[in-house]
Amino acid sequence: MLYLAAFVISMVLVLVLIPPFRKLAIKIDFVDKPRPDSERKIHREPIPLTAGIAIFIGFFITYFALTGTISREAVGIFIGSALILGIGLVDDWYKSQGKELASLPKFIVQMSAAIVVYSYGIAFEGFNNPFTGQYINLPEWLQLILTILWIFGVTTVINFSDGIDGLAGGLSAISGGTLFVVAITMGRGESALLAVVLVGAALGYLRYNKPPARVFMGDAGATFLGFILGIIALDGAFKGATLASLFVPIFALGVPIFDNIIVVIRRMLQSKPIYQADASQAHYRLLATGLNQKQTLVFLCLLNLCFGLAAIILAMNGSGA
């Protein structure tokens, strides 16, 4: 009942909060404007960019209301998330004015948010040796590096997936649902609660973002969802994992992770900057083949669902369920 309540409350809050923030965005011209000269700007009218704020508020109101006592880890998640949302909103505001925020400030703040989470006790600590059953505890310096790289990486790949209506929200909802099942399987109640709240928030957002979108969550919302997904995986899938089941969270986030690995490799081979925005992601390539936005969205979400099912099977086998 707790998880059902979390799902419903989160979804309803986001559904209720998006319309007033949408009106505010239109009033202050906080909108993503079409650009005929950009192959990545495929919408044809200005779209409000404030849904990320509604997602953030709906998520944390639900989480703190249902979590009971607020743990040290929860405080770290909130502080880190606030940093992610803040720099994302600055980035979105720049874009609404036809400008680009430099990559360095975004990189510094996102890395700092990951460090905050680590300092509050959320980390990739080690794994179980499948041959001896012994837990291998990694040195603290390696825990720090792997934790930061994982959270920053997931934050980035979800943001890069936000290219067509409904995609980042849909992939996040599917990945969150997968991590919810994995967390339940592994007995990680706190991570399961985080996951189901995220799924509710993402589905509430999709009510307004399904093609044709009426609102965008912008970098603020996409990086926030990626940040939370990375944290959920650390506690709900990586913690206590065997060497084989370390692949569970990677499969749970299959489409955004593998797509962006391919994109990075392609850019390196072409001697392009890794962070240079272009139309090389899978959704743009599928659109170029003649698929429309809805067909592309359904295909990639179904593919991510298949990855998710594989992750669940792997997790259940790893836990002996």
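Definitions and cut-offs
- Residues numbered from 1 in each chain as written.
- Predicted model: local features only at pLDDT ≥ 70, side-chain atom pairs only at ≥ 80, totals over all residues.
- Heavy atoms only, no water.
- UniProt positions renumbered as here; feature names shortened; annotations may be inferred.
- Buried < 20%, exposed > 50% of the residue type's maximum accessible area, 1.4 Å probe, protein only.
- Helix = DSSP H or I, 4+ residues; strand = E, 2+ residues; numbered from the N terminus.
- Polar contact = N/O pair within 3.5 Å; in protein donor to acceptor, adjacent residues only side chain to side chain.
- Phe/Tyr/Trp six-rings, centres within 6.5 Å; stacked < 30°, edge-to-face > 60°.
- Contact = heavy atoms within 4.5 Å.
- 1 Å grid on protein atoms, 1.4 Å probe; cavity = no way out; pocket = protein on both sides within 12 Å on 5 of 7 lines; lining within 4 Å.
- Points joined across faces, edges and corners; volume = space filled by probe spheres on them.
- Nonpolar A, V, L, I, M, F, W, Y, C, P; charged D, E, K, R; others polar.

Draft legend 1. Quick peek at the UniProt feature "binding site: Mg(2+)" (unreviewed entry) in the protein chain. Residues annotated by UniProt as "binding site: Mg(2+)" (unreviewed entry) correspond here to Asn159 and Asp219. These residues run over 61 residues, yet every pair of their C-alpha atoms falls within 6.3 Å of each other. Judged by relative accessible area, which is 15%, Asn159 ranks as buried. By secondary structure assignment, the location of Asp219 is in helix H8 (residues 218-238). Look at Asp219 and you get buried, because its relative accessible area is 13%. Of the polar contacts made by the side chain of Asp219, one reaches the side chain of Lys95; its length is 2.8 Å.

Draft legend 2. Seen up close, the packing of aromatic side chains. Across all of its chains, the model carries 17 aromatic pairs by this definition. A ring pair is formed by Tyr3 and Phe180, whose centres lie 5.2 Å apart and whose planes are at 80 degrees; its orientation type is edge-to-face. Remark: Phe180 occurs in helix H6 (residues 167-185) and Tyr3 occurs in helix H1 (residues 2-28); sequence separation between them is 177 residues. Classification of Tyr3 by relative accessible area gives partly exposed; the value is 25%. When the ring of Phe56 is compared with that of Phe224, the centres are 5.4 Å apart and the planes differ by 65 degrees; the resulting orientation is edge-to-face.

Draft legend 3. Spotlight on the side chain of Gln110. Within the element layout of this structure, Gln110 appears in helix H4 (residues 103-119). Leaving out residues up to four positions away in the same chain, Gln110 has contacts with Ile84, Phe152, Thr155, Thr156 and Thr223.

Draft legend 4. Region of interest: empty space enclosed by the protein. Within this structure, the stated rule accounts for one cavity of 30 Å³ or more. For the largest cavity, the calculated volume is near 40 Å³. Along the walls of the largest cavity sit Ser161, Leu167, Leu171, Val255, Pro256, Asp259, Ala282, His283 and Leu300, which together make up its complete lining. Broken down by element, the lining of the largest cavity gets its largest block of residues, three residues, from helix H10 (residues 254-269). Considered class by class, the residues forming the lining of the largest cavity number six nonpolar, two polar and one charged.

Draft legend 5. Broad picture of unusual backbone geometry. Omega for the bond connecting Pro211 with Pro212 falls within 30 degrees of zero, at -10 degrees, which places this linkage in the cis form. Take Pro212: it is sitting in the loop between helix H7 (189-209) and H8. With phi around 65 degrees, Asp29 is a residue other than glycine that occupies positive phi space.

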